[in-house]
Amino acid sequence: MKEKHLDNFVKGLKNGIPIALGYFAVAFTLGIQAKNAGITAFQSAVASFGLHASAGEYIAFTLFGANATIFVMVMMEVVANARYLLMSCALSQKIPADTPIWKRLIMGYFITDEIFGVSILTDGKLDPYYNFGMAAVASPAWVFGTVFGVVLGNFLPISVVSALSVGLYGMFIAVIIPPARKNKIVAVLIIISFVASYIFNKLALFSAISSGVKIIILTVVISLGAAILFPVKEEK
């Protein structure tokens, strides 16, 4: 590994620690859900490593407990996690054009809301090893958090488990506040996103739309509007 890649990998490890702490707390609560659905600790570990998505995994455990068919589970996961397609497209524009396919596949496999949020804010081109570093610390925390939730979840008060999850929201705030302070347009777009998301969740008209599809619609509409009204000139 070249020195530059190693430095970015180590940087990714450091920046991935807050993500890992938040993941562990959220996965812990998912582990409780998995146990209630009759899923073992080993099975939950395999599920968490194969599906790095809290909402998607919660849906999977719930459907499993309800004895849903494989087809129903697959279709629900496609809908709930479709937003990651947009995130992958966005990150593909930040990595060097000569990035080999195996690196792209690894980045796509470990892409999550949090890893995307941290990655997209990096200055200049994104070194895939930076993502690898974050995934190296975040993914194990997600897997072992689920396992510990299955094994120990019912021994902890629900209030304690909920309190542990607050750290992840703090990380989200830390991601969006710095760029919002530097750019008023970004700040306005963040506020618009919050308000639009709230409206989408409250109006009965959109109640039949899943959370994943809502995110896609809002992302496309708001991003398109911002691109048209406030285009960013690309540097050579």
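Residues numbered from 1 in each chain as written. Predicted model: local features only at pLDDT ≥ 70, side-chain atom pairs only at ≥ 80, totals over all residues. Heavy atoms only, no water.

### Thoughts on the overall build of the protein
- Along the protein, the regular secondary structure elements total 12 helices and 0 strands.
- In the protein, the succession of helices and strands from N to C terminus is α-α-α-α-α-α-α-α-α-α-α-α.
- Taking all 236 residues of the protein together, the buried fraction comes to 39%.
- The long-range share in the protein, meaning contacts at least 24 apart out of those at least 6 apart in sequence, stands at 78%.
- Accessible surface, the protein: about 14200 Å² in total, of which carbon and sulfur atoms supply 72%. (Helix = DSSP H or I, 4+ residues; strand = E, 2+ residues; numbered from the N terminus. Buried < 20%, exposed > 50% of the residue type's maximum accessible area, 1.4 Å probe, protein only. Contact = heavy atoms within 4.5 Å. Areas by Shrake-Rupley, 256 points an atom, 1.4 Å probe, with all protein chains shown as cover.)

### Quick word on the pattern of salt bridges
- Inspection of every chain in the model, using the stated rule, returns 1 salt bridge.
- Ionic pairing is found between Arg-83 and Asp-113, a salt bridge with its closest N-O pair at 3.2 Å. Of this pair, Arg-83 sits in helix α5 (residues 83–92) while Asp-113 sits in helix α7 (residues 113–120), placing them 30 residues apart in sequence.
- When its relative accessible area of 22% is taken as the criterion, Asp-113 is described as partly exposed. (Salt bridge = Lys/Arg side-chain N within 4 Å of Asp/Glu carboxyl O.)

### With respect to α5
- Every buried residue of α5 is listed here: Arg-83, Tyr-84, Met-87 and Leu-91. One side of α5 carries all its buried residues, which in axial view fall inside an arc of 95°. (Arc of directions from axis to C-beta.)

### Here we look at a nonpolar patch on the surface
- Together, Ile-70, Phe-71, Val-72, Val-74, Met-75, Met-76, Val-78 and Val-79 make up a nonpolar patch on the protein surface, roughly 720 Å² of accessible area in all.
- We classify Val-72 as partly exposed; its relative accessible area is 35%. (Patch = residues over 30% accessible without salt bridge, like charges linked within 9 Å, V, L, I, M, F, W, Y side chains within 5 Å.)

### Regarding the packing of aromatic side chains
- What the rule picks out here adds up to 7 aromatic pairs.
- A centroid spacing of 5.9 Å and a plane angle of 50° characterise the contact between Phe-24 and Phe-148, whose relative ring orientation is tilted. Taken as a pair, Phe-24 in helix α1 (residues 3–36) and Phe-148 in helix α8 (residues 128–152) lie far apart in primary sequence, 124 residues in all.
- When the centroid spacing of 5.8 Å and the interplanar angle of 55° are considered together, the rings of Phe-49 and Tyr-109 count as tilted. One end of the pair, Phe-49, is in helix α2 (residues 41–50); the other, Tyr-109, is in helix α6 (residues 101–109), and 60 residues separate them in sequence.
- Accessibility expressed as a relative area gives 42% for Phe-49, which makes it partly exposed.
- Taking relative accessible area as the criterion, Tyr-109 reaches 37% and is therefore assigned partly exposed.
- An aromatic cluster is built from Phe-24, Phe-28 and Phe-148, whose rings are joined through pairwise contacts. (Phe/Tyr/Trp six-rings, centres within 6.5 Å; stacked < 30°, edge-to-face > 60°.)

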